[in-house]
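One letter stands for each residue in the lines below.
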Amino acid sequence: MSHHPADNVLRMLLRFSDAKFFKRGWGARQDAEKLWAMREAVMGCPVKFAQAVPQPSEIVFVQERITRSGVVRQGYFKSPLATLMPGLLPEPSEVAWFQLVLPHGADSPEVRAKTPMVVQLAGTGDHGFWRRRTFIASPLLKETGIGSIILENPYYGLRKPKEQQGSRLNYLVDLFNMGVALAMECNVLLRWCEHNNFGPLGLTGLSLGGHMSSLAACMWPKPVALIPCLSASTAAGVFTKGILKDSVAWENLNTKLPEARDVLESLSQFDQFRKLTQSCEPHDRDATATLYALLEASTYLGGFPKPACPEACIVVCAKADGYIPRPDAEQLATIWPGCEFRYVDGGHISSFVLHQAAFRKAIKDAFGHLKAHLAAEDRAKQLKQKERQEQEEQVQELHVTTSEPPRAVAA
């Protein structure tokens, strides 16, 4: 199916815009080495990853606003990535800002126990909280009772470096920093929800936010509702085949291919990337092929653990999406068997505008699937416990029978 006209118009605008992704190059080799070393060490196992995430000393709330439908609270904490690897994130990104959208009375344990919570991550260009709060969080709370945590992406909004132009990340490695930081920050927020007895829990996002929420779900060791909308299984095709290809600083990346060679050389020390290093020789690769290879190795969700409950995942795709190559989106069905696919009419941009209700419906339904899964788990645990008790009682009865003294026989 051809791309939606709105997506094609945006492509034309991007071609003539001076704001480009990765205009300063590929990024420092040592930063890439740190991230990939951590991936090799702990990102193959959600439990190891959770154990490796340093929890912030405190989560600070600075604002509260009462609305008709609920309460909005704004807070912040130090990003775990900034604690674990100082200097990797730019200084403004080291503080993770977020907003809570909660029902009235959420300080009550009874209300909290009945309030599911979904963490929302931002799509490309979604700076601040207003858009996600207005179109997803507030109506979702009113319609379904599901609360939200709206997390500001690193490099966006309050976390944007001054030298960065809009949403256009200066270096490729910034995208990798963002992904790892968000996975860790979601871990902090999901733990906070558990500690405060909210639940069940979920993750969602549109476009870039959909991919990042998927990565965060892969790194969380427990079942969550997962609703990636207008996103893909990898960022490789998004930047090399989709409309965003026209917003990449290709000339600059080609000029700085020696940087890419340094990054590729650093991969050779890691087993899971050695094959990529061997098949991506610098002399026969231009910037497009090199960018594709690096993004495929680093962002392909099939290279990470599966979410704990794929049956509670609903993927929403646009039929005429010019940003997301259809095969990259539908590949999630292969790597996460059991997840559900839904389609909306339109392209990437028009779906943002016209299909927010469909995204909220998918969130509601995914939580329904999760609740059914958790209920089935509880029943299975109860049945197993009952069987164990029955076995123990049978062993006890057998022990009593065999230990009885023989009865005297009358003469």
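Summarised in this report is the structure supplied together with it. (Residues numbered from 1 in each chain as written. Predicted model: local features only at pLDDT ≥ 70, side-chain atom pairs only at ≥ 80, totals over all residues. Heavy atoms only, no water.)

**Examining the overall build of the protein**
Turning to step 1, where the next piece is worked out: For the protein, the helix and strand inventory stands at 17 helices and nine strands.
Turning to step 2, where the next piece is worked out: Evaluated residue by residue, the protein yields a buried proportion of 54% over its 411 residues.
Turning to step 3, where the next piece is worked out: Sequence separation of at least 24 residues holds for 77% of the intrachain contacts in the protein that already meet a minimum separation of 6.
Turning to step 4, where the next piece is worked out: Summed over its atoms, the accessible surface of the protein is roughly 18700 Å², and 53% of this surface lies on carbon and sulfur atoms.
Turning to step 5, where the next piece is worked out: The average position of the 46 basic charges and that of the 43 acidic charges among the side chains of the protein differ by 5 Å. (Helix = DSSP H or I, 4+ residues; strand = E, 2+ residues; numbered from the N terminus. Buried < 20%, exposed > 50% of the residue type's maximum accessible area, 1.4 Å probe, protein only. Contact = heavy atoms within 4.5 Å. Areas by Shrake-Rupley, 256 points an atom, 1.4 Å probe, with all protein chains shown as cover. Lys, Arg positive; Asp, Glu negative; His and termini not counted. Charge placed at Lys NZ, Arg CZ, Asp CG, Glu CD.)

**Observations concerning a negative patch on the surface**
Turning to step 1, where the next piece is worked out: A surface patch of negative charge is lined by Glu387, Glu390, Glu392, Glu393 and Glu397.
Turning to step 2, where the next piece is worked out: Within the secondary structure, Glu397 is located in helix H17 (residues 356–403).
Turning to step 3, where the next piece is worked out: A relative accessible area of 54% means that Glu397 is categorised as exposed. (Patch = residues over 30% accessible without salt bridge, like charges linked within 9 Å, V, L, I, M, F, W, Y side chains within 5 Å. Salt bridge = Lys/Arg side-chain N within 4 Å of Asp/Glu carboxyl O.)

**Describing helix H11 (residues 257–267)**
Turning to step 1, where the next piece is worked out: Among the residues of H11, Leu257, Ala260, Val263, Leu264, Ser266 and Leu267 are the ones counted as buried. Taken end-on, H11 shows its buried residues confined to a sector of 165°, consistent with a single buried face. (Arc of directions from axis to C-beta.)

**A few points about the side chain of Asp174**
Turning to step 1, where the next piece is worked out: By the secondary structure assignment, Asp174 is in helix H7 (residues 172–195).
Turning to step 2, where the next piece is worked out: The buried charged residue Asp174 lacks any salt bridge, with Arg24 as its nearest oppositely charged partner at 8.2 Å.
Turning to step 3, where the next piece is worked out: For Asp174, the side chain forms a polar contact with the side chain of Tyr155, separated by 3.3 Å.
Turning to step 4, where the next piece is worked out: A distance of 3.5 Å separates a polar side-chain atom of Asp174 from the backbone nitrogen of Asn170.
Turning to step 5, where the next piece is worked out: If sequence neighbours within four positions are ignored, Asp174 has contacts with Tyr155 and Leu169. (Polar contact = N/O pair within 3.5 Å; in protein donor to acceptor, adjacent residues only side chain to side chain.)

**As for the side chain of Gln99**
Turning to step 1, where the next piece is worked out: For Gln99, the location among the structural elements is in strand S3 (residues 95–102).
Turning to step 2, where the next piece is worked out: When its relative accessible area of 6% is taken as the criterion, Gln99 is described as buried.
Turning to step 3, where the next piece is worked out: A polar side-chain atom of Gln99 sits 2.9 Å from a polar atom in the side chain of Arg133.
Turning to step 4, where the next piece is worked out: If we ignore the near neighbours within four places in the chain, the residues touching Gln99 are Val72, Arg73, Gln74, Phe129, Arg133, Ser148, Ile149 and Ile150.

Purely geometric stuff here, so don't read any function into it on its own.
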